[in-house]
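Chains, contacts and geometry: an overview
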Amino acid sequence: MTQSHPTSGATPDPNCPVSLDLLGEVYRADDYDLPEILARIPPLTRAKLAAYLYGKSHMHQLGLTVARACERDDLVRAAGEIGSVIHGQAHLKPARPAPSEPAARPGAAKPGAPRKISLGGSAAKGRSFDD
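Residue positions are given per chain, counted from 1 along the sequence in the order it is written. Reporting in this predicted model follows two pLDDT cut-offs: at least 70 for local features of residues, and 80 or more for side-chain atom pairs to be given and counted; totals over whole chains, interfaces and linings ignore these cut-offs and use all residues. With hydrogens and water set aside, each side-chain value is computed from the structure's full complement of heavy atoms.

Okay, the overall build of the protein chain next. A run of H or I in DSSP counts as a helix once it spans at least four residues, and a run of E counts as a strand once it spans at least two, with each numbered from the N terminus. A tally of regular secondary structure across the protein chain gives 6 helices and 0 strands. The secondary structure elements of the protein chain, listed N-terminal to C-terminal, are α-α-α-α-α-α. Residue burial is assigned from relative accessible area. The probe radius is 1.4 Å, only protein chains are included, and a residue is buried under 20% of its type maximum, exposed over 50%, and partly exposed in between. Within the protein chain, the proportion of its 131 residues that are buried is 23%. Considering only contacts in the protein chain between residues 6 or more positions apart, those separated by 24 or more positions represent 45%. Using a 1.4 Å probe, the Shrake-Rupley method yields the accessible areas, and only the shown protein chains count as cover for residues. Summed over its atoms, the accessible surface of the protein chain is roughly 10,600 Å², and 54% of this surface lies on carbon and sulfur atoms. Any two residues whose heavy atoms approach within 4.5 Å are treated as being in contact.

The subject of this paragraph is the pattern of salt bridges. Opposite charge on two side chains permits pairing when their charged atoms draw close. Salt bridge criterion: a side-chain nitrogen from Lys or Arg within 4 Å of a carboxyl oxygen from Asp or Glu. Under the definition given, this model contains 3 salt bridges. Asp74 is the partner of Arg77 in a salt bridge, and the nearest nitrogen-oxygen pair spans 3.1 Å. Separated by 3 residues within a single helix, Arg77 and Asp74 lie in helix α5 (residues 72–79), roughly one turn from each other. Arg77 gets classed as exposed once you look at its relative accessible area, which sits at 59%. Assessed through its relative accessible area of 11%, Asp74 is described here as buried.

This brings us to the packing of helix α3 (residues 43–54) against α5. Two numbers describe a pair of packed helices, the interaxial angle and the distance between the axes. Axes here mean lines fitted to C-alpha atoms, for a helix over just the part in contact, with angles spanning 0 to 180 degrees between N-to-C directions. The interhelical angle for the contact between α3 and α5, taken along N-to-C directions, is 65°, at an axis separation of 8 Å. The orientation of α3 with respect to α5, classified from their angle, is roughly perpendicular. Handedness of the α3/α5 crossing: right-handed. When α3 is examined against α5, the residues Pro43, Leu44, Ala47, Lys48, Ala50 and Ala51 are found in contact with a partner set consisting of Asp74, Leu75, Arg77, Ala78 and Ala79. Residues were grouped as follows: Ala, Val, Leu, Ile, Met, Phe, Trp, Tyr, Cys and Pro as nonpolar; Asp, Glu, Lys and Arg as charged; and all remaining residues, including Gly, as polar. Class assignment for the residues of the contact of α3 with α5 results in 8 nonpolar, no polar and 3 charged. Throughout this description, any angle smaller than 35 degrees is read as roughly parallel, any larger than 145 degrees as roughly antiparallel, any in the 65 to 115 degree range as roughly perpendicular, and the remainder as oblique. For any helix crossing, the convention is left-handed if the near helix is rotated counterclockwise from the far helix by under a right angle, and right-handed if that rotation is clockwise.

This part takes up the environment of Leu38. For Leu38, the position within the fold is in helix α2 (residues 34–39). A relative accessible area of 3% places Leu38 in the buried class. C-alpha separation for the pair Leu38 and Ala69, spaced 31 residues apart in sequence, amounts to 7.3 Å. In this view, Leu38 contacts Val26, Arg46, Val66 and Ala69; residues no more than four positions away in its chain are not counted.

Residues Asp30, Asp31, Asp33 and Glu36 make up a contiguous surface patch of negative charge. Position of Glu36 among the secondary structure elements: in helix α2. The exposed category is assigned to Glu36, whose relative accessible area is 53%. Note that patches include only residues with greater than 30% relative accessible area and no salt bridge, and the join distances are 9 Å for like charges and 5 Å for nonpolar side chains (Val, Leu, Ile, Met, Phe, Trp, Tyr). The convention is simple: Lys and Arg are positive, Asp and Glu are negative, and His and the chain ends are not counted. To locate a charge, take NZ of a lysine, CZ of an arginine, CG of an aspartate or CD of a glutamate.

Laid out in structure tokens, this is it:
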């Protein structure tokens, strides 16, 4: 049986501020090409795109990346107070790595080494469980 109507593939989200083709370009772009692609998008539309992507759980980080290419005022115009939050999160410095642990006591296990576990604790010694 054949279909009587053509299929168009993905249906565009009416809330997405850019075309499906441009959204796909942004999604697939690497760190080198993305700034060039974002520079071609008008500032307010770029801010709307950042807010749109930020709101999608699977594209949250990409939304923050796009937001780094936006001015705070544009993000606020595009998304209200959430735009300010997005701008703040986009410009947070990465967390510092945890400081290294102090020198271990002599005879102590090395950090990251598996700990030895005894299944026969001192309370079980001398008992008979066969009674």
